[in-house]
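Listed here are the chains, written in short residue letters.
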Amino acid sequence: MTAVDAQTLPQDEAHDRAAAITSRAYFGALMRDRVAFVSAIFLGLLLIAALGADLLAPYEPNQANLRARFVPPLGTARDGGFHLLGTDELGRDLFSRLMHGARVSMSIGLLGALCSGIVGITLGVLAGFYRGLLEDVLMRAVDGMMALPSLLIALFILFVIGPGFGNLILIFTLLHWMVFARMARSLTLNHQQHTYITAARAIGGSDRRIILTHLLPNMVSPLIVLFTLEIAVLILSEASLSFLGFGVQAPQSSWGLMIARGREYISSAWWLVVMPGAAIFLTALALNLVAAWARAITDPVQRWRWLTPPRRKSQPIDDED
Amino acid sequence: MPYLLRRFMQSLLLLFVLISFVFVVGRIIGDPALIMLGTSASETALDQLRENLGLNQPIWQQYLVFLGDLVQGDFGVSFRYGFSMMPSDALRAEGTPVLPIVLSRLPATFLLAGTALVLAFSLAVVLGCLAAMYPRSWIDNLVNVISLASVSVVQFWLGLILIIVFSVQLGLLPTGGYGSWQHLILPALTLAARPLGRISQVVRSAMLDELSKPYIAAARAKGVPEWRVVFVHALKNASIPIVTITGDELSQLLTGAMLVETVFAWPGIGLLLIDSLGRRDLPMVQAGICVVAALVILVNLAVDFAYTVLNPRIEMDNRGGRA
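Cut-offs and rules
Residues numbered from 1 in each chain as written. Chains lettered and ligands numbered in written order. Predicted model: local features only at pLDDT ≥ 70, side-chain atom pairs only at ≥ 80, totals over all residues. Heavy atoms only, no water. UniProt positions renumbered as here; feature names shortened; annotations may be inferred. Helix = DSSP H or I, 4+ residues; strand = E, 2+ residues; numbered from the N terminus. Buried < 20%, exposed > 50% of the residue type's maximum accessible area, 1.4 Å probe, protein only. Salt bridge = Lys/Arg side-chain N within 4 Å of Asp/Glu carboxyl O.

- Taking an unreviewed UniProt entry as the reference, chain B is identified by name as Peptide/nickel transport system permease protein belonging to Marinovum algicola.
- As stated in UniProt under Subcellular location (unreviewed entry), the record for chain B gives "Cell membrane".
- Turning to chain B, the UniProt annotation filed under Sequence similarities (unreviewed entry) states: "Belongs to the binding-protein-dependent transport system permease family."

- Per an unreviewed UniProt entry, the recorded name for chain A is Peptide/nickel transport system permease protein, and the organism is Marinovum algicola.
- Word for word, the UniProt comment on chain A under Subcellular location (unreviewed entry) is "Cell membrane".
- Looking at chain A in UniProt, the text filed under Sequence similarities (unreviewed entry) is "Belongs to the binding-protein-dependent transport system permease family."

Structure representation (structure tokens):
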């Protein structure tokens, strides 16, 4: 097939192709979008590194080694040990510590997004489905809470109830459910006008059945995009709270806490600050890129372009149309 | 009820809810005496403090006293202000009323946040307009990269990187402190990064919308210079989403300043708050939170006001939300 054929290919045919969406098509689309592909690989590796940190880390993360203090990145300690990202003030291997820190940072991001997602989606769907007083009260609460400075309130609550992993999840659930509630409600309102919901009701489907088997499955993709973005937001928030001393506490270690510790040695050992921050930056960047890709791919208006195999050389990334 | 009056009442209600929330968290979920003295304090010391602070009264009575004091601008006295790191502050004794201290830190925060906002806003408008004028050019890509990076980076880390490069390695600028314009550069740059990315993205998409409208073609057809078409005709009509996002970013700036002030030892309200948290000075923390929250609410109100001025056509819906 020549390039000219490709350009004159009728759009209808492309739509037909898109109708047969398979997981292979999604994978193919991911392969073609190089940036999203690299991001997904990065996140996959990160997940493996976090889960398998005990087995994969080259050094014990809390093992002090005074003969290997402040080894710069790619340096070799006096005892001959090679350190990819250098070592800290106690001679602990930074790369191994980052892998273990990934576990804490990622699980706070994931768990926090999951908990706030469950609370927010439940409330949002109920509000959109039953309307009335529940919706009024809930949406006022959402508007009000969105207008308040959340980092400040998180700090104050943690100040009173004390820092720690569990309390962080609690705070994130309390302060982040609104985004999910707002989106779940508008999606519910949107879908309820469709014929298939009327049809489900006409054949006698109960509210519970309509919500669980008809509404929710149709709302999954935009919510997953939001979920991905929220993980990034929470990883950043966790870093900020830990940096200020109200997040994760030693002996546990997260990336934010590592930056806070490294700050003391900023004039002599720059890598102690740069590396954990770079890990946060790359993770959040990858999550944002994957979310942008997922949004494009699940948008019915533009996904046919992604899911059909390319016939032109470049596939434009287009968010305007 | 007129729209603005209703929004004003809503803001007051929100402030009241927040103050009550501060009371509930501070007094009911937590024990103020324990918060301030720490778990190692003796039972007699705790009792003494409870007696002094009136914590033995019924909770509703405490609440009324708390509200009554706030209305008179009395947030209580600082518990241990005398230990502050600031040399000028160290002269003052413990037991100073907290509100004047919090308010005295406001100018520094305003200076920082204001500089960052002006910096971010002007750069974002220029970049966003250029990106909309030349879609898919390098400048368009640059705007995309900046906005993506700005939501992925941790602000305090960016500040530390700037310190490493400009203070430690190059030795050009001070690592922190307050006083001269050199002290302002790094914190303002750090704080400006996030709003720069967010605002430029919004400017770009709003301008793309406007530039495709017929009146732009008409303006071009009658020979108006292109810069005038973009920066006068289109920008004016694209201003509503731009003002909204700028307002949102300004309220983010006020809390973001907290971290940046900590990194650069900038003596604003954020640094005071973090110091007070560390020193377990509950009255100061409460006053700081109420003042910052009041500012954020005020900014949101101002944005809604700017709305009605910029576009009188906007029909406000019954729920009082932004159109």
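1. Some points on the UniProt feature "transmembrane region" (unreviewed entry) in chain B
Residue and element names in this part refer to chain B.
- In the UniProt entry, the feature "transmembrane region" (unreviewed entry) is given for residues 12–30, 110–133, 145–168, 253–274 and 286–310.
- When the span residues 145–168 is considered, its composition is 92% helix and 0% strand, and the gap between its end C-alpha atoms is 27 Å.
- Helix and strand shares over residues 286–310 are 100% and 0% respectively, and the end C-alpha atoms of the span are 36 Å apart.

2. Observations regarding unusual backbone geometry
- Despite not being glycine, A:Arg131 has its phi angle at roughly 50°, a positive value.
- Locating A:Arg131 in the fold gives a position in the loop between α6 (94–130) and α7 (132–146).
- With relative accessibility at 42%, the residue A:Arg131 sits in the partly exposed group.
- A positive phi angle is found at B:Arg280, which is not glycine, with a value near 55°.
- Among the structural elements, B:Arg280 can be located in the loop between α13 (269–278) and α14 (282–310).
- Exposure remark for B:Arg280: the relative accessible area of 29% places this residue in the partly exposed category.

3. Here we look at the UniProt feature "domain: ABC transmembrane type-1" (unreviewed entry) in chain A
- The sites that UniProt annotates as "domain: ABC transmembrane type-1" (unreviewed entry) are residues 102–291 of chain A.
- The span residues 102–291 of chain A is 83% helical and 0% strand by assignment, and the distance between its end C-alpha atoms comes to 20 Å.

4. Side note on the pattern of salt bridges
- Tallying each qualifying case throughout the model produces 11 salt bridges over all chains.
- Across the pair B:Glu226 and B:Arg220 runs a salt bridge, and its minimum N-O distance is 2.9 Å.
- A residue is classified by how much of its surface remains accessible, and B:Arg220, at 38% relative accessible area, is partly exposed.
- In this structure, B:Arg279 and B:Asp275 form a salt bridge, with 3.9 Å as the shortest nitrogen-oxygen distance.
- Relative accessible area serves as the criterion here: at 15%, B:Arg279 is assigned to the buried category.
- Three or more residues joined by partner-sharing salt bridges are found here, namely A:Arg131, A:Glu135 and A:Arg185.

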